[in-house]
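Chains, contacts and geometry: an overview
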Amino acid sequence: MCRILVLSGRDKSIYASVFSGFVEASKHDIYLKMLGRTHTSHSDGWGIVAVGLANSKPVVMKHKSLIPIYDDISKRVLELFENRLTRYDEAFLLLHSRLSSRKEPYGEEYTHPYEYTGHNIASWFIHNGGIDKYELARILELNPHLYTDSWTASIYISRSVDECVGEGIDIDRCVVEAYRELLKHTVSALNTGLLVLYNDGVYLYSTHYVCKDYLERAGRKEELERYYQLYKSISTETVLVASSTQKHYMRNWNMKPVEPGIYRLEPGEIIKLDAF
């Protein structure tokens, strides 16, 4: 179980508020408490990747840590990112905090975002939900004990998009087709962020989906729906998609529910590419 943030914007004044809300949401997750969990903090590491545009060229900034995001050391790192991001006229970012299952690998390399470098693209992926990693690992010819379910999903998505754009197909179409295939292997939710560098362009995507049969099987349907719901906030210069808990800590952001689907985010605009 994790918390995610996907953001595209030009407003340099927002980062302190956004990061503060994310830290609080990760430290005190009221929706985990509603689910009856005794541990209500996302304490198993965190990561950020951002791409700023300098003279229209992408500049990558990234950090991953096993230290909880609400630790003073982590908050200092976020301050460094906050200051750095103000140097760019436009920025795209993914932010993630992890609460890992005891059935999944643990360590800094298993924190999100997961990075991929292919023949045509570089990408980063964050995820909240559940994937059948054993089936994906079989398809990808990976040892499932050395990967989290989110990592196998990242490789699956990124390889698919990399091969697809290599055939000259539009990247938005490639992303939609890759996610539609990944949906077949989703066992609980597919809340994700995907950041792609392709031909000197920056492309930012987010998805929201919760399996109906999972909600029925798991019980606590209403609580799980609240937990997995994503919210969006759109202004003239910024658009963000965030996990439900952040809505509680960012009340002045006028956050609205995200409908199930695949979206591309651009500064001030969120474009629905496909519905799940």
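Here the focus is the layout of surface pockets. Estimated volume of the largest pocket: approximately 700 Å³. Around the largest pocket sit 26 residues that line it, and Met1, Ser100, Ser101, Glu104 and Gly129 are the ones nearest its centre. Elements with a minimum of two residues in the lining of the largest pocket: strand 6 (121-131), helix 4 (133-140) and helix 5 (149-166). Among the residues making up the lining of the largest pocket, the classes are represented as seven nonpolar, twelve polar and seven charged. The calculated volume of the second largest pocket comes to roughly 240 Å³. Lining the second largest pocket we find 14 residues, and of these Val210, Lys212, Leu215, Glu225 and Pro260 sit closest to its centre. Secondary structure elements with two or more residues in the lining of the second largest pocket: helix 7 (212-218) and helix 8 (221-228). Of the residues contributing to the lining of the second largest pocket, the split by class is seven nonpolar, two polar and five charged.

Our focus in this paragraph is the pattern of salt bridges. By the definition in use, this model includes 17 salt bridges. Among the salt bridges present, the one from Glu115 reaches Lys62, with a minimum N-O distance of 2.5 Å. On the criterion of sequence distance, the pair formed by Glu115 in strand 5 (residues 114-117) and Lys62 in strand 3 (residues 57-65) is long-range, its members being 53 residues apart. For Glu115, a relative accessible area of 42% corresponds to the partly exposed category. On the basis of relative accessible area, Lys62 is assigned to the partly exposed category, the value being 48%. Put simply, Asp172, Arg264 and Glu266 are held in one network by salt bridges that share partners.

The next thing to look at is the environment of Leu95. Here Leu95 lies in strand 4 (residues 91-98). Note: C-alpha distance between Leu95 and Ile4 (91 residues apart in sequence) is 5.8 Å. The residues touching Leu95, leaving out its near neighbours within four places in the chain, are Arg3, Ile4, Leu5, Phe19, Phe22, Trp46, Gly47, Ile48, Ile69, Leu78 and Ile126.

Time to look at the state of the cysteines. For the structure shown, the criterion picks out one disulfide. Between the sulfur atoms of Cys164 and its disulfide mate Cys174 the distance is 2.1 Å. A torsion of -80° about the S-S bond marks the disulfide between Cys164 and Cys174 as left-handed. Residue Cys164 is located in helix 5, and its partner Cys174 is located in helix 6 (residues 171-183); the two are separated by ten residues in the primary sequence. With a relative accessible area of 9%, Cys164 lands in the buried category. As a non-bridged cysteine, Cys2 has Cys211 as the owner of its nearest cysteine sulfur, 16 Å distant. For Cys2, a relative accessible area of 7% gives the class buried. Taking relative accessible area as the criterion, Cys211 reaches 5% and is therefore assigned buried.

How each quantity is defined
Residues numbered from 1 in each chain as written. Predicted model: local features only at pLDDT ≥ 70, side-chain atom pairs only at ≥ 80, totals over all residues. Heavy atoms only, no water. 1 Å grid on protein atoms, 1.4 Å probe; cavity = no way out; pocket = protein on both sides within 12 Å on 5 of 7 lines; lining within 4 Å. Points joined across faces, edges and corners; volume = space filled by probe spheres on them. Helix = DSSP H or I, 4+ residues; strand = E, 2+ residues; numbered from the N terminus. Nonpolar A, V, L, I, M, F, W, Y, C, P; charged D, E, K, R; others polar. Salt bridge = Lys/Arg side-chain N within 4 Å of Asp/Glu carboxyl O. Buried < 20%, exposed > 50% of the residue type's maximum accessible area, 1.4 Å probe, protein only. Contact = heavy atoms within 4.5 Å. Disulfide = S-S within 2.5 Å.

Shape descriptors only; they carry no functional weight alone.
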